[in-house]
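So you can see what is in the structure, the chains are spelled out below.
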Amino acid sequence: MSWRPDRHMKKASEEVAINPLFARRGEESVPRYRLSEEGLLPETAYQIVHDELTLDGSARLNLATFVGTWMEPEAQKLYVEAANKNIIDKDEYPETAAIEERCLKILANLWNAPDPANSIGVSTTGSSEACMLGGLALKRRWQLSRRQQGKSTDHPNIVFSSAVQVVWEKFANYFEVEPRYVNITPEHPYLTPEGVIKAVDENTIGVVPILGVTYTGSYEPVEAIAQALDDLEKRTGLSIPIHVDAASGGFVAPFLQPDLVWDFRLPRVHSINTSGHKYGLVYPGLGWVLWRDKTLLPEELIFNVSYLGGSMPTFGLNFSRPGAQVLLQYYNFLRLGRQGYYTVQKTCQNVAHFLAQEIGAMEPFELVTDGSDLPVFAWRKRPEENPLWSLEDLSFVLRERGWQVPAYPLPPTMQDVTIMRIVVRNSFSMDMAQLFLDDLNRAVAYLQGLDHPFPQALRQHKPFHH
Ligand SMILES: *Cc1c(COP(=O)(O)O)cnc(C)c1O
């Protein structure tokens, strides 16, 4: 058994070289892009995948993502035990189905549905699927109502701010609905009631405020938007529903801002989505979408699958999907309760406030948001500061220590402003925050000391995408 580096150097792109220590059958390499004839022993295959993954960024140092990267050992144990459950097999896994229903009722309750027993919802792969379903229900109800009135259904539109997450662009594209963006402005970097009223008309299937804008962490003013639409209805008879995209805020506002009225307390809010895998504190991918009552989800969208000799309604884009994430959500509900969720989110917010304050006080920076809504904050470089480096350069320099902090331009019409954002999540402790701050200070001191522009060639390989 010999390992010839020269041979592997040449073929590095076509074959994966196997370290002789793990090549239990003496294999030298395995094809990278074709199936091998014989396969490998489990420990050899494990070692190859395991080793390659060490080049991924550390999930715990990923300050860019909203998605859960840490769960307790008991949850991990449950995850492994439940890894083989398919959520669509309601008949085979009736308890998983029952637990999914329980989670939906818990969310209906958390979001103040007037009659949780009469609410309806489903778990999804994430908020993206949940938003598609929410949007689809809006479109179908609008079509039904227009047809009843003998009116055209040719030109549906949907209204949201230019700061929406990309999923709403996708929805508009895939389901052929005209997207109407209300541009954000420096005075109002979020959806405003005035902007909404200007954009809507009889072809508007719904308005989508975001509870927790992805770019900055700000909540859009759902209650004021609902009031403006109430006034519009009084004046014109036009009744336009709201779907709240609470991908992040759905698991934050009920605990940190319980008096903020954004949910089913507003009769105009027909449906809400959230990501179980964001501040719901579950590993990816899990989302939820709920309608305040069954009548708001057109029956023709519902399919029935067999369940305990009878049938059970389902609504979703996928058929087979992991069931384990739903069980992890229920684990968190049991384990944390209201107090636990409050403690986790409050701790995140404390860390966000602390970091925002420290970073806002640094010479080159000014804050855009400070973590008062979501535990997320953003800052920009003062326009008059040293032009030899940018926030993208800072992002690159921070990556040297493993920190992943994104810098990106704001959406229209504020695309001239580049910001840097940190999402504080469970497991990013005050201690880690302190260590981050030390590294940030060092990185900024280095950049401020440059006497030439930061070399752009260095960051041609972008470390991550927004
Ligand atoms: C993350 C996010 C989404 C997409 O959610 P996934 O769970 O990643 O599919 C949609 N809307 C908003 C506001 C988000 O933050």
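Owing to the predicted nature of the structure, the values given are computational and were not obtained by experimental measurement. (Residues numbered from 1 in each chain as written. Predicted model: local features only at pLDDT ≥ 70, side-chain atom pairs only at ≥ 80, totals over all residues. Heavy atoms only, no water.)

Undergrad: How would you explain the nonpolar core if you had to name every residue and give the values?
TA: Ranked by internal contacts, the top residues of the largest apolar core, which has 62 residues, are Val207, Val244 and Trp262. When residues of this core are traced back to their parent elements, those giving at least two are helix H4 (94-110), helix H7 (193-199), helix H8 (222-236), strand S7 (242-245), helix H9 (253-256), strand S8 (269-275), strand S9 (287-291) and helix H10 (324-360). In terms of residue count, H10 provides more of this core than any other element does, 10 residues in total. Taken domain by domain, the makeup of this core includes at least three residues from each of domain 2 (74-333) and domain 3 (347-459). With residues up to four places along the chain from it excluded, the contact list for Trp262 reads Trp111, Leu211, Val222, Val244, Ala246, Gly250, Ala253, Pro254, Val269 and Ile272. Formed by 37 residues, the second largest nonpolar core is a distinct cluster that contains Val122, Ala137, Trp142 and Met414. (Core = buried A, V, L, I, M, F, W, Y, C linked by side-chain atoms within 4.5 Å. Buried < 20%, exposed > 50% of the residue type's maximum accessible area, 1.4 Å probe, protein only. Helix = DSSP H or I, 4+ residues; strand = E, 2+ residues; numbered from the N terminus. Domains from an automatic or database assignment. Contact = heavy atoms within 4.5 Å.)

Undergrad: I'd like a description of the UniProt feature "modified residue: N6-(pyridoxal phosphate)lysine" (unreviewed entry) in the chain, backed by residues and values.
TA: Following the UniProt record, one finds the feature "modified residue: N6-(pyridoxal phosphate)lysine" (unreviewed entry) at Lys278. Along the chain, Lys278 turns up in the loop between S8 and S9. On the basis of relative accessible area, Lys278 is assigned to the buried category, the value being 14%. For Lys278, the residues in contact, after removing those within four places along its chain, are Phe66, Val67, Ala247 and Ser248. (UniProt positions renumbered as here; feature names shortened; annotations may be inferred.)

Undergrad: Can you break down the site of the ligand residue by residue, with the values?
TA: Close contacts around the ligand come from 13 residues, with Ser128, Asp245, Ser275, His277 and Lys278 the closest. Separating a nitrogen atom of the ligand from a side-chain N or O atom of Asp245 is a distance of 2.6 Å. Contact with the protein chains hides 89% of the accessible area of the ligand, taken as 380 Å² for the molecule alone. Of the residues belonging to the shell around the ligand, the class tally is 3 nonpolar, 8 polar and 2 charged. (Near = heavy atom within 4 Å. Polar contact = N/O pair within 3.5 Å; in protein donor to acceptor, adjacent residues only side chain to side chain. Areas by Shrake-Rupley, 256 points an atom, 1.4 Å probe, with all protein chains shown as cover. Nonpolar A, V, L, I, M, F, W, Y, C, P; charged D, E, K, R; others polar.)

Undergrad: Account for the sheet that holds strand S13 (residues 376-381), naming residues and giving values.
TA: The antiparallel open sheet is built from 4 strands, whose spatial order is S12-S13-S15-S14. The strands lining the two open edges of the sheet, one partner per strand, are strand S12 (365-370) and strand S14 (407-409). The sheet shows a mean angle of 35 degrees between the axes of neighbouring strands, taken without regard to direction. (Pairing = 2+ DSSP bridges. Axes fitted to C-alpha atoms, helices over the stretch in contact; angles between N-to-C directions.)

Undergrad: Describe empty space enclosed by the protein, with residues and values.
TA: Taken as a whole and judged by the stated rule, the model has 2 cavities of 30 Å³ or more. When its volume is computed, the largest cavity comes out at roughly 70 Å³. If you go around the largest cavity, the residues you meet are Phe66, Gly68, Thr69, Trp70, Lys278, Tyr279, Leu281, Arg425 and Asn426. Along the lines of polarity and charge, the residues of the lining of the largest cavity split into 4 nonpolar, 3 polar and 2 charged. (1 Å grid on protein atoms, 1.4 Å probe; cavity = no way out; pocket = protein on both sides within 12 Å on 5 of 7 lines; lining within 4 Å. Points joined across faces, edges and corners; volume = space filled by probe spheres on them.)

Undergrad: Can you lay out helix H11 (residues 391-399) for me, pointing to particular residues and giving the numbers?
TA: Within H11 the residues assigned to the buried category are Leu391, Asp393, Leu394, Ser395, Val397 and Leu398. Residues of H11 that are buried sit in contact with S12, S13, S14, strand S15 (418-423) and helix H12 (430-448).

Undergrad: Residues and numbers for the layout of surface pockets, please.
TA: Counted as a void, the second largest pocket has a volume near 560 Å³. Taken together, 31 residues form the lining of the second largest pocket, with Val122, Pro313, Thr314, Phe315 and Gly316 sitting closest to its centre. Counting residues per element, the ones that place at least two in the lining of the second largest pocket are H4, strand S3 (120-124), helix H5 (127-148), strand S10 (303-307) and strand S11 (310-314).

Undergrad: So what about the side chain of Thr214? Which residues, and what values?
TA: Secondary-structure assignment places Thr214 in the loop between strand S6 (204-207) and H8. By relative accessible area, Thr214 is classed as buried at 14%. Every residue in contact with Thr214, bar those within four places of it in the chain, is listed here: Phe66, Gln165, Tyr408 and Arg421.

Undergrad: Lay out the domain arrangement of the chain with the relevant residues and their values.
TA: By a widespread convention, an interface's size corresponds to the accessible area lost as its parts come together. As assigned here, the chain comprises domain 1 (5-55), domain 2 (74-333) and domain 3 (347-459). Using only C-alpha atoms to locate each centre, domain 2 and domain 3 end up separated by 32 Å. Across the contact, 21 residues belong to domain 2 and 23 residues belong to domain 3. Taking both sides of the interface into account, the surface hidden between domain 2 and domain 3 amounts to around 1,600 Å²; carbon and sulfur atoms contribute 65%. (Buried area = accessible area lost by both parts, 1.4 Å probe.)

Undergrad: Break down the packing of H4 against H10 for me, with residues and values.
TA: The relative placement of two packed helices comes down to the angle between their axes together with the axis-to-axis distance. Between H4 and H10, the shortest axis-to-axis distance is 9 Å and the interhelical angle comes to 45 degrees. Judged on the interaxial angle alone, H10 and H4 are oblique. Seen from above, H4 lies across H10 with left-handed handedness. Across the interface between the two elements, Thr96, Ile99, Glu100, Arg102, Cys103, Ile106, Leu107, Asn109 and Leu110 from H4 touch Val326, Leu327, Gln329, Tyr330, Phe333 and Arg338 from H10. By residue class, the composition of the contact of H4 with H10 is 9 nonpolar, 3 polar and 3 charged. (Parallel < 35°, antiparallel > 145°, perpendicular 65-115°, else oblique. Left-handed = near helix turned anticlockwise from the far one by under 90°.)

Undergrad: Go over the pattern of salt bridges, please, and point to the residues and values.
TA: Applying the stated criterion across every chain, the model contains 15 salt bridges. Ionic pairing is found between Arg140 and Glu300, a salt bridge with its closest N-O pair at 2.6 Å. Here Arg140 is found in helix H5, whereas its partner Glu300 is found in the loop between S9 and S10, with 160 residues between them in sequence. A relative accessible area of 25% places Arg140 in the partly exposed class. Residue classification places Glu300 among the partly exposed residues on the basis of a relative accessible area of 42%. With its nearest N and O atoms 3.4 Å apart, the salt bridge here joins Arg146 to Glu202. Within this pair, whereas Arg146 is found in helix H5, its partner Glu202 is found in the loop between H7 and S6, the two being separated by 56 residues in sequence. (Salt bridge = Lys/Arg side-chain N within 4 Å of Asp/Glu carboxyl O.)

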